[in-house]
Amino acid sequence: MYRLIVIDDEYIVVEGIKAMIGRQKLDYEVVGWAYDGIHGLDIIGKYKPDLVITDIRIPGMDGLSMIEAAKEVCPDTAFVVISGYTEFEYAQKALRLGVMGYIDKPISMEKLNTVLETVEKSCFQARREKNEYEENRRRQEKISQILEECIRGMLDEDIEKFYRCTKDIFTEVELLYPDEQELRREVYKYLCMLCDILQENRKDIPRDELVSFHEMEKCQGREQIKNYAQRIVSDIGKYLEAEKTGSRHGTILELLAYIEQHYNEDIGLNELADMVQMSPAYLSVLFKSEVGMSYVKYLTNLRMNRAKEFLKEGRKVYEVSELVGYHHYRYFSDTFKKYVGMTPKAYTTKAWSKTDKEDKENP
């Protein structure tokens, strides 16, 4: 239900619009009305309506000035103006203010319906689509966060956390995909991802023994899809319960040694995952679990520490940038300042001042 405010200095116009809205059972609720611009601005700020229908010629403050002021406090409110005036200056200012439509007096049911349809198509529909997009984006981010917790549960062999997280994931996926075919596809994708993670430690388990695209396609209706997903999750949980702790530290130590030798090269998590035959998602959680920080943060810290050593040796900033793997001098300087608290140049000056002081104190 959209919230509507009507502003006109004629009592009969305000009551007429209210009656038309109520009689046609339109998707609007008249939450307020006023007979002058000053009072109109007050109730707009109070109710923050979806739509305001206002006359241009109203006492206290004219309609266009009121709209201009109202836009400051209610930027998402749509406005429609009532006027028998079609002067160019009014039309130009109304366009600049983003007025969604006009109603000429006398107001009829047909005119009101026409302008409300215009507002619905050009404003409210776009707003709904934007809100849906933002909601879907937030839900995707939430799924990613839950998935990370789910992987952590698998790593720690925390079966309770694994079951809880998978349940939350599929609840969010079901809300995100109302279309059954899309839901089937996405649920299958996440089931495959979980099976791949299980296989990181259990190479002897073929994926097709756990999850089957053919079986998923046979599921008819959302309930069957959910039941199939629960069965696969239960099977994975049984493998986790039986799984013995593997030699995880050895893999991470191997990667840390490699990073130490190649920190100045363009090495991403995907390349490291390929080296040790793990999925990037699994390696990301495992690395953070064992090292205590993400791979990107670890690599950046390593590069910054090396950069400080090179700067103390008296090397030029642009040279140090290349030596620690940054091909863009500006990006290196910004990153260095973020991590160290000062620019590379300032750090060099401070380091050399400290060295000079120590030399004087210890001749």
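As the structure is a computational prediction, the values presented were derived from the model and not from experiment.

Undergrad: Which parts of the structure should I look at to understand the overall build of the protein?
TA: Scanning the protein from N- to C-terminus turns up 16 helices and five strands. Here the protein, with 363 residues, has 40% of them falling under the buried criterion. Of the contacts formed within the protein by residues at least 6 apart in sequence, a portion of 64% connects residues at least 24 apart.

Undergrad: Mind showing me how you'd approach the sheet that holds strand β2 (residues 28-34) here?
TA: To summarise the sheet geometry, strands pair through backbone hydrogen bonds and adopt either a parallel or an antiparallel arrangement. Pairing in this open sheet of five strands is parallel, and the strands run β2-β1-β3-β4-β5 from one edge to the other. Sheet topology places β2 and β5 (101-103) at the edges, where each strand pairs with a single neighbour. Sheet twist, expressed as the mean angle between neighbouring strand axes with direction ignored, is 25 degrees. Where helix α1 (residues 11-23) meets the sheet, its contacts fall on β1 (2-7), β2, β3 (51-55) and β4 (78-82), and the angle it forms with β2 comes to roughly 170 degrees.

Undergrad: I keep staring at the side chain of Asp-8 and nothing clicks. Help me out?
TA: In this structure, Asp-8 sits in the loop between β1 and α1. Residue Asp-8 is classed as buried on the basis of its relative accessible area of 0%. Of the polar contacts made by the side chain of Asp-8, one reaches the backbone nitrogen of Glu-10; its length is 2.8 Å. Beyond its immediate sequence surroundings of up to four residues, Asp-8 is in contact with Val-13, Val-14, Ala-34, Tyr-35, Asp-55, Ile-58, Ile-82 and Lys-105.

Undergrad: Sorry, what's going on with unusual backbone geometry here?
TA: With the exception of glycine, most residues fall at negative phi, and the peptide bonds are largely trans. Backbone torsion omega between Lys-105 and Pro-106 reads 0 degrees, so that peptide bond is classified as cis. With respect to the helices and strands, Pro-106 occurs in the loop between β5 and α5 (109-155). Phi is positive for Lys-48, close to 45 degrees, though the residue is something other than glycine. With respect to the secondary-structure elements, Lys-48 resides in the loop between α2 (37-47) and β3.

Undergrad: In this structure, what is going on with the side chain of Lys-161? I would like to understand it.
TA: Topologically, Lys-161 is positioned in helix α6 (residues 159-176). Sequence-distant contacts of Lys-161, defined by excluding residues within four places in its chain, comprise Glu-149, Arg-152 and Gly-153.

Undergrad: Got a minute to help me understand α6 in this structure?
TA: In an α-helix there are 3.6 residues to a turn, and that puts residues three or four apart on one side. Spanning 18 residues, α6 covers 26 Å between terminal C-alpha atoms, matching the ideal 26 Å at 1.5 Å per step. Here α6 has its buried residues at Ile-159, Lys-161, Phe-162, Cys-165, Thr-166, Ile-169, Phe-170, Glu-172, Val-173 and Leu-176. One side of α6 carries all its buried residues, which in axial view fall inside an arc of 160 degrees. Residues Glu-160, Lys-167 and Leu-175 are exposed on α6 and point more than 90 degrees away from its buried face.

Undergrad: So what exactly am I meant to see when it comes to the nonpolar core here?
TA: Side chains of nonpolar character tend, in soluble globular proteins, to be buried together. Ile-169, Val-187, Leu-191, Ile-236, Ile-259 and Phe-332 are the most contacted members of the largest nonpolar core, which totals 66 residues. Residue contributions to this core peak at 10 residues, all from helix α7 (residues 180-201). When sequence neighbours within four positions are dropped, the list of residues in contact with Ile-259 reads Ile-267, Leu-272, Phe-287, Tyr-295, Tyr-298, Leu-299 and Leu-302. Listed in part, the 22 residues of the second largest apolar core include Leu-51, Ile-82, Ile-107 and Cys-123.

Undergrad: Quick question: what am I supposed to make of the packing of α5 against α6 here?
TA: Packed helices, taken two at a time, are described by the angle their axes make and the gap between the axes. Direction vectors running N to C along α5 and α6 enclose 160 degrees, while the axes themselves pass 8 Å from each other. Comparing the axis directions of α5 and α6 gives the class roughly antiparallel. Remark: the crossing between α5 and α6 carries left-handed chirality. Within the contact between the two elements, α5 uses Asn-136, Arg-139, Gln-140, Lys-142, Ile-143, Ile-146, Leu-147, Glu-149, Cys-150, Arg-152, Gly-153 and Met-154 and α6 uses Lys-161, Phe-162, Cys-165, Thr-166, Asp-168, Ile-169, Glu-172, Val-173, Leu-175 and Leu-176. Considering only residue class, the contact of α5 with α6 consists of 11 nonpolar, four polar and seven charged.

Reading the values: rules and limits
Residues numbered from 1 in each chain as written. Predicted model: local features only at pLDDT ≥ 70, side-chain atom pairs only at ≥ 80, totals over all residues. Heavy atoms only, no water. Helix = DSSP H or I, 4+ residues; strand = E, 2+ residues; numbered from the N terminus. Buried < 20%, exposed > 50% of the residue type's maximum accessible area, 1.4 Å probe, protein only. Contact = heavy atoms within 4.5 Å. Pairing = 2+ DSSP bridges. Axes fitted to C-alpha atoms, helices over the stretch in contact; angles between N-to-C directions. Polar contact = N/O pair within 3.5 Å; in protein donor to acceptor, adjacent residues only side chain to side chain. Expected span 1.5 Å × (residues − 1). Arc of directions from axis to C-beta. Core = buried A, V, L, I, M, F, W, Y, C linked by side-chain atoms within 4.5 Å. Parallel < 35°, antiparallel > 145°, perpendicular 65-115°, else oblique. Left-handed = near helix turned anticlockwise from the far one by under 90°. Nonpolar A, V, L, I, M, F, W, Y, C, P; charged D, E, K, R; others polar.

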